Amino acid sequence: MTLGGWIIMTISVGFVTGLLAWSLWKVLTTPGSTEHLHSQMDIQTPDVTEE
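Figured I'd write up the structure that's included with this text. Keep in mind that this is a model prediction, so the values were computed, not measured.

Considerations on the overall build of the protein chain
Per the secondary structure count, the protein chain includes two helices and zero strands. Every one of the 51 residues in the protein chain was classed for burial, and the buried ones make up 0%. Accessible surface for the protein chain amounts to roughly 5000 Å². Of this, 71% is attributable to carbon and sulfur atoms.

Here it is as structure tokens:
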């Protein structure tokens, strides 16, 4: 592989790894984020409310 290929691959892999690390850090350190979590049981679909 050429030098240009190594540079592009290193930059792209580094960017994706950095984005993953930043996303995980943001999710795990945001205060009060547990109040915003919802499960499938919390979602009310229109067919459930119609009679």
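Brief notes about the environment of Met1
Counting through the fold element by element, Met1 comes out in the segment before α1 (3–29). Under the relative-accessibility criterion, Met1 is labelled exposed at 67%. With near-sequence residues (within four places) excluded, Met1 lies in contact with Trp6 and Met9.

Calculation notes
Residues numbered from 1 in each chain as written. Predicted model: local features only at pLDDT ≥ 70, side-chain atom pairs only at ≥ 80, totals over all residues. Heavy atoms only, no water. Helix = DSSP H or I, 4+ residues; strand = E, 2+ residues; numbered from the N terminus. Buried < 20%, exposed > 50% of the residue type's maximum accessible area, 1.4 Å probe, protein only. Areas by Shrake-Rupley, 256 points an atom, 1.4 Å probe, with all protein chains shown as cover. Contact = heavy atoms within 4.5 Å.

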